[in-house]
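# Structural overview
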Amino acid sequence: MSLAEGKIEFDETDFADTRAAMQKWEHFPASTISHHGGQCCQIAREWVLSTDYSQLNAGNPLTGPRWIRQKYTWGASTWPIYWCEAVEQKKLDCGALAALTQEVFAARGVRSYHAQFIQQYSEAATRQWSNSWNCDEACVHWIKEDLIYHEGCAVAVRDNEIRLWDPSAGWWVNPRQFGGYGGLLAVRVFAPQFNAPTGFLWGTQRISPNQWQKIERVRGDFAVAAAK
Amino acid sequence: MKIYISGLYSGTNPQPGIGIARSLRAAYPDATLVGVEYSNRCSGIHWADLDEMWLQRPWEELNLEVYAADIKEALDAGALWISGVDLEIMWLASVFPEGHKNLLTPSTAALKKISKPAVEAHKGLPVSIPPFVTTERSDWELHAFCRQHGWKVWLKGPYYEAVRTHGWDVFDRVRTLLSRAWSTERLFLQTHVTGYEESVCFSAYQGELIDSVYMRKRELTEEGKTWAGDVTEVPEEFTTPLRRIIKELNWTGGAELEMVRDMGGQLWLLECNPRFPAWIYGSTLAGHNLPALLVERATGVPARREVNVCEEFTRVVLEIPVRSQFPLPSLPEPYPGGIGHSMKHPSGTLALAERLHKLHVMESDGNGNGNGNGNGNGHHGRTNIAEAPVVPSSFIDDLKAYNFAEMETPSWLFLESTASELFKRAAGLASKLSTSTLTVTNAYSLKTNPDERLLRIARESGFLAEAISLLEVQKALQTGFRPDQVILNGPGKWWPEGLLPTSPIHAVFCDSIADLKRVVASMERKELQAKIVGVRLRTPTVGSRFGIPVDTPEALKKLVDAIELLPRECAFGVHFHMASSNIGVGQWWHLYESVLRWCRSIETLARRQIECLDVGGGWFPDDWQSDSGDQFAAAIARARNFLPFVKQIISEPGKAMAQPSMAVAMRLLEFEESSEEEVTEAVVDGSIAELPMHFFQPHRILRQDKQTGEWQTLKHGKTHLWGRLCMEHDVVASNVELPEGVRPGDVLVFCDAGAYDRSMSYVFGRG
Ligand SMILES: [Zn+2]
């Protein structure tokens, strides 16, 4: 029995204003960790990379480094952030977590690219985050109504095929997206390197690098063809 | 249309009956669905989609012949049967060897091809089978399998049940329990695969694939069972071979291939179940009503299609009313002083397994070990293929030096040529691996076994002496080592005071920052002189109390700062030690690589060249010997790569040298013989005081045949050898077979006792 994927891209029925969000975060750079150039940052960096190898525990180098999120809870960071400061924090924001993860993948010899996400949550969730960020006297430019800006890593598994790692959540983002709470609406993968692929494959979707791209949504009806 | 559905257990590890009933009800609103169960304790019997309930007596008391006739009558009358119980499916296959058009389950031949763990029929699918070994192999081999796979192994029953056995004592205990429960010795050990659990579920009729789905578990229960999942289409590279396999097996019914996808994307097949899975209604929600499509194909009656579908499903817990004709049974009384109600699986699955063994249903083959060349008869109780472990011929040669008739027991036996050969080989390997710029040196850890004969051979073989106390240093010096051949290590190395050699020792490794400061002070006072001063590292994720930790950036900074205090006139070195026999061989090599990275970090940060790397092993002899030297050569090359200034690599093969070098002779004191049964209990004059490592590793046991004089190792069997001590846990061997003709007074030689068995043996119960 043949099955066909019934992928339907919501455009107008989609109430989240993804386009406006992409505009808002058009000029957001991907986060990186700064280096003082001295031993303070050198020790911190060596520690992160050697710890990562120990934590890999003979596992596959493509394993997401969940230990980073286990050590640092998610919360506001002040920017710019230096290696020696980052490792001493109790809390790191998604940008700092993604930047550390990026370094770790690179040290393992795994090709990884900075990735930015636009995700939908709810007004209740974003109001909570605004509050806690304000308490830490941090800027909440990453929230727009029920949408948020988020950072992660696009990890190349073979050729131009990627997986998207969310270092704040400690999981791979599901390439089958339905929208809704926690849903990924748009992604931007930074691949400025001259030899980087001109297009990536994430699940069944093509992702063009260096630009915001709306995520195609899947409706749970791959069986429609089968039922006919 | 009447459809019988069995397997209605609906606890946290549910059977699929309810999911099948819900799926069929959705497709055939007017069908009569008859639930089949073997216990009124199974909550699924109260599910409202079931129109009738055919409740049978539990399997342990069910008259199978009568029941088979009843089922035949129902099938002949046109009813269909979809089973949700693996063992029932096996039994039905034996009841209907030619099949029955209304029995929607596979044949015995097909079931054999999917039996665990080899799942012979998997060939062609894009999956691998995780390495496994049958427990009919000798304990010696099973222990090797566990070490090889880092003790990340599961001991699995023939049909259900898997228990993680992370150590030898746990394995031994669980093996006894599972063998008893499943009435068979044919269990198997299989490696754990880390990854995501995924399934392919299909429906087939008379060798033709009707439909299939792919399911990824998205939430799991504590037992690892599905709680939520997503259902998508099966990729073509899977369905093409699957279609062929289904044809070859002439499969009828549902099935589920349970797999794990590792981080690299490789799929590992754990098992193939001959029935729909308990989450089958999740597939129906996704628009693939596999049970209904099966019924449709078997009857030609069109199934109603779902219109609203969703590819993600989850579970909830529901309270439902109890059927009036099946009121709840009483709860069994807790045993006096017991915890909980000690309830067995209500329908008596274990009892059915035992009955099927007796009926010789499902005598499988081809499931011997990882490469599938095992054999056996699968009968109830003992099988005769359990293999005796092999010992090196040098053991037997060395035993010729002893007169066992007059020997007082228990007695330690030094196996001289065995010991010499091992040290000689290690020395040869070290010299082979050395170059003009890098020396590889062996060191013998005195604590492994301070027997002077071993120390002499070690010294003559060019080993250094590694000591963890000043008493050990003294012992080394007394047996002929020079101070510059001594390495001092460990947290208590300055004990007892006043025994420190006055001339320079080879190396000292600091176990803590405080220890390092003490070393620096002693050296400044000229009390201590050493060619190499270094640190022992405790890398993160290693569960150890030894060495200097680097688990935080602050700890690393402290270490780096402290290293700067070390006198510049000494060479700097790093030591690490972890028993490969505990963490597993693969894990040990990863740790080695990890240590090299930490060393490189330390070298950069402390601006101090690392000239000596001291590598502690704790190698199990077989693991150490199985290496031809290539892996060690590669390891040396890696070290040079990371640490370009390294001039000496010290290797401590530890128990790889000592363990085979001694054995313990014991005498059988008494046992009760019976002409019918194998002896289950025998007492020996040795004890765990002589074999304290019994809980961590098996020992090969030799016994000399009185007629031929030939030494033979004991096989796996039913006898427990109890030590002479009045201690409950004094068992020196469990599950061995006493050879025919064995008598009280006979000597048993426990091999592999030359390392910590010897050095940690204690005096107990001797007055
Ligand atoms: Zn810094």
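Thresholds, definitions, all that
- For every chain, the first residue of the written sequence is number 1, and numbering continues from 1 onward in sequence order.
- As a convention, the first chain written is A and the first ligand written is 1, with the rest following in written order.
- At least 70 in pLDDT is required for a residue's local features to be given in this predicted model, at least 80 for side-chain atom pairs to be given and counted, and no such filter applies to totals for whole chains, interfaces and linings, which use all residues.
- Heavy atoms throughout the structure, all of them, feed into the side-chain values; hydrogens and water do not.
- A helix here means a DSSP run of H or I that spans at least four residues, while a strand means a run of E at least two residues long, and both kinds are numbered starting from the N terminus.
- It only takes one pair of heavy atoms within 4.5 Å for two residues to be counted as in contact.
- Residues grouped as a nonpolar core are buried Ala, Val, Leu, Ile, Met, Phe, Trp, Tyr and Cys residues, joined through side-chain atoms within 4.5 Å.
- Note on exposure labels: buried denotes an accessible area under 20% of the residue type's maximum, exposed denotes more than 50%, and partly exposed covers the range between, all computed with a 1.4 Å probe on protein chains only.
- Two rings belonging to Phe, Tyr or Trp (six-membered ring only in the last case) form a pair when the distance between their centres is within 6.5 Å. Interplanar angles under 30 degrees mark stacking, angles over 60 mark edge-to-face geometry, and anything in between is tilted.
- In this scheme, the term charge over a ring applies when either NZ of a lysine or CZ of an arginine sits within 6 Å of the ring centre and within 35 degrees of the ring normal.

All names here are of chain A. Relative to the helices and strands, Glu145 is located in the loop between strand 4 (143-144) and strand 5 (147-158). In this structure, the C-alpha to C-alpha distance between Glu145 and Gln120, residues 25 residues apart in sequence, is 9.3 Å. Ignoring sequence-local partners within four residues, the contact set of Glu145 consists of Glu123 and Thr126.

Judged by nonpolar contacts, the single largest core of 104 residues is most densely connected at Val48(A), Val508(B), Leu556(B), Tyr592(B) and Leu613(B). For this core, the leading source of residues is helix 18 (residues 585-606) of chain B, giving twelve residues. Apart from the residues within four sequence positions on either side, Val48(A) is in contact with Trp67(A), Trp83(A), Val87(A), Leu100(A) and Val104(A). In this structure, Ile89(B), Met90(B), Leu103(B) and Leu249(B) belong to the second largest nonpolar core, which totals 71 residues.

A negative phi angle characterises most non-glycine residues, just as the trans form characterises most peptide bonds. Cis peptide bonds are those with omega within 30 degrees of zero, and the linkage from Trp79(A) to Pro80(A) qualifies with -5 degrees. Along the polypeptide, Pro80(A) turns up in the loop between strand 1 (73-74) and helix 4 (83-86). In this structure, Pro117(B) follows Lys116(B) across a cis peptide bond, with omega equal to -10 degrees. With respect to the helices and strands, the residue Pro117(B) is situated in the loop between helix 4 (108-113) and strand 5 (132-134). Positive phi values are uncommon outside glycine, yet Asp159(A) reaches one of about 45 degrees. Topologically, Asp159(A) is positioned in the loop between strand 5 and strand 6 (161-166). The phi dihedral of Asn250(B) falls on the positive side, at around 50 degrees, and the residue is not glycine.

Aromatic ring pairs are described here by two measures, namely the spacing of the ring centres and the angle between the planes. Residue and element names in this part refer to chain B. A full pass over the atoms with the stated rule returns 44 aromatic pairs over all chains. Note on Trp619 and Phe632: the rings are 6.1 Å apart at their centroids and 75 degrees apart in plane angle, and the pair reads as edge-to-face. Highlighted residues: Trp619 in the loop between strand 23 (610-616) and helix 19 (621-625) and Phe632 in helix 20 (residues 630-642), separated in sequence by 13 residues. Of the residues examined, Trp619 reaches a relative accessible area of 5% and is grouped as buried. By way of ring pairs, the aromatic residues Tyr4, Tyr38, Trp54, Trp59, Tyr67, Trp81 and Trp91 are connected into one cluster. Looking at Arg147, its charged tip hangs above the ring of Phe620, at a distance of 3.7 Å from the centre.

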